[in-house]
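# Inside the fold
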Amino acid sequence: MRTGFFWDERCFWHAGGDYAVTFPLGGHVQPLAAGGLAENPETKRRLKNLMDVTGLTDELEMRHAPAASWEDLARVHPEEFLRKFKDVSDQGGGELGLRTPFLQGGFEIAALSAGLAKAALFDVLRGDLDNAYALSRPPGHHCLPDWPNGFCLLNNIGIAIEAAKAAGLAQRFAVVDWDVHHGNGTEAVFLDRDDVLTISIHQEHNYPLDTGEIEQTGTGKGEGFNMNIPLPPGVGHVGYLETMERIVLPALARFKPDVIIIACGFDASIYDELARMMCTPETYREMTRQVKQAADELCDGKLVMVHEGGYSQVYVPFCGHATLEELSGSAIRAEDPMAETVRIRQPNARFDAFISGLIGEMADTLLG
């Protein structure tokens, strides 16, 4: 198994803005003693550090990549938006959308983040790698074509898909977004398309507050090719795996993609500060196993993961490590120090049964 891991130290240097988690400073909102936005480099850097310490890094194909080109970006984002982003970046930084601050050079770092996703997808589609993980930062799944939001400045996965399609590397793409927040940006990019299946599993009405409803299934040619799976707060390991088994995997089998791309957020974990879900490293391991098997059956194993959210500096590394263990087939383990605690805290059988009923209703709605 050849698993690529795409990363760049410069992505950890993205920063900016006067925030406390997600609250703008001012009034009664005090600055934090350390850090600002919840989206900070430490969750990603600590994942990479843990991989180095356990030796998992040595088993992966560690790769860098050039930034996505202007032409790559312009397939998804209007030229006017890109010019404004570049100008503000060159003049010292600022903020163009909602909670998307950046410093001088922010445009170049965002293009580099998109370039990591593009290179991961290209190398898998060309057969140079069996599968790949892109540690992209800033993230991308909230970014609309002309409006950044939710920490996302460019739509990394959208840019990668359009570049691969333009290069003739694939025709049908499936995006499974298990970040805990609705993938509204990726949805917007492909909403009227029938060559890209977009599936978002998210905590209902978390972020954004006004998107992610199950009724939004696409427009025009894209009708039926956008699937939203809004779950109530509190869903844990059993509910997430059942969601994958009863909705996501059948949808993938019906679509028959050339490649599966995972918008891989770890903010559905039990210790995340921006969500109220109950997932564990084992949840991410098992979901990775599910999509890896689906990729083997549907598209010769072509599977790419692109990092999105996840805000627990302590727990994201363990969730990410478990994902990469499974993705690469490694026998190396980073044991979850909270495994017994999170097992006890999982939802009880009555709640899981209630969630199972909801999942069944959504499966009937989405799959017919």
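For the structure, see preceding data.
Calculation rules
Residues numbered from 1 in each chain as written. Predicted model: local features only at pLDDT ≥ 70, side-chain atom pairs only at ≥ 80, totals over all residues. Heavy atoms only, no water. Core = buried A, V, L, I, M, F, W, Y, C linked by side-chain atoms within 4.5 Å. Buried < 20%, exposed > 50% of the residue type's maximum accessible area, 1.4 Å probe, protein only. Helix = DSSP H or I, 4+ residues; strand = E, 2+ residues; numbered from the N terminus. Contact = heavy atoms within 4.5 Å. Polar contact = N/O pair within 3.5 Å; in protein donor to acceptor, adjacent residues only side chain to side chain. Phe/Tyr/Trp six-rings, centres within 6.5 Å; stacked < 30°, edge-to-face > 60°. Salt bridge = Lys/Arg side-chain N within 4 Å of Asp/Glu carboxyl O.

## Re the nonpolar core
- Ranked by size, the top nonpolar core spans 59 residues in total, and within it Tyr240 and Leu252 carry the most contacts.
- For this core, the leading source of residues is helix 7 (residues 237-255), giving nine residues.
- Excluding anything up to four places from it in sequence, Tyr240 contacts Val180, Ile201, Leu231, Val235, Ala268, Met277, Cys279, Thr283 and Met287.
- Judged by nonpolar contacts, the second largest core, of 46 residues, contains Phe6, Cys11, Phe81 and Leu125.

## Notes on the side chain of His182
- By the element assignment, His182 lies in the loop between strand 8 (173-177) and helix 6 (184-190).
- The exposure class assigned to His182 is buried, which follows from its relative accessible area of 1%.
- Among the polar contacts listed, one links the side chain of His182 to the side chain of Thr211, at a separation of 2.7 Å.
- Not counting residues within four places of it along the chain, the set of residues in contact with His182 comprises His141, His142, Glu187, Ser200, His202, Tyr207, Pro208, Thr211, Gly212 and Asn228.

## A look at the packing of aromatic side chains
- This structure, assessed with the given rule, holds 12 aromatic pairs.
- Ring centres of Trp70 and Phe107 lie 5.9 Å apart, and the angle between their planes is 40 degrees; this geometry places the pair in the tilted category. Here the residue Trp70 occupies a position in helix 2 (residues 70-74), and Phe107 occupies one in helix 4 (residues 106-125), the gap between them amounting to 37 residues.
- Overall, Trp70 belongs to the partly exposed group, its relative accessible area being 32%.
- Cluster of aromatic residues (ring-pair linked, three or more members): Trp70, Phe81, Phe85, Phe102 and Phe107.

## A look at the pattern of salt bridges
- Evaluation of the coordinates by the stated rule reveals 27 salt bridges.
- Arg63 serves as the salt-bridge partner of Asp123, at 2.8 Å between the closest nitrogen and oxygen. Here Asp123, found in helix 4, pairs with Arg63, found in strand 4 (residues 61-63); they are 60 residues apart in sequence, far enough to count as distant.
- Of the residues examined, Asp123 reaches a relative accessible area of 15% and is grouped as buried.
- For the salt bridge of Lys118 with Asp72, the shortest nitrogen-to-oxygen distance reads 2.8 Å. Here Lys118, found in helix 4, pairs with Asp72, found in helix 2; they are 46 residues apart in sequence, far enough to count as distant.

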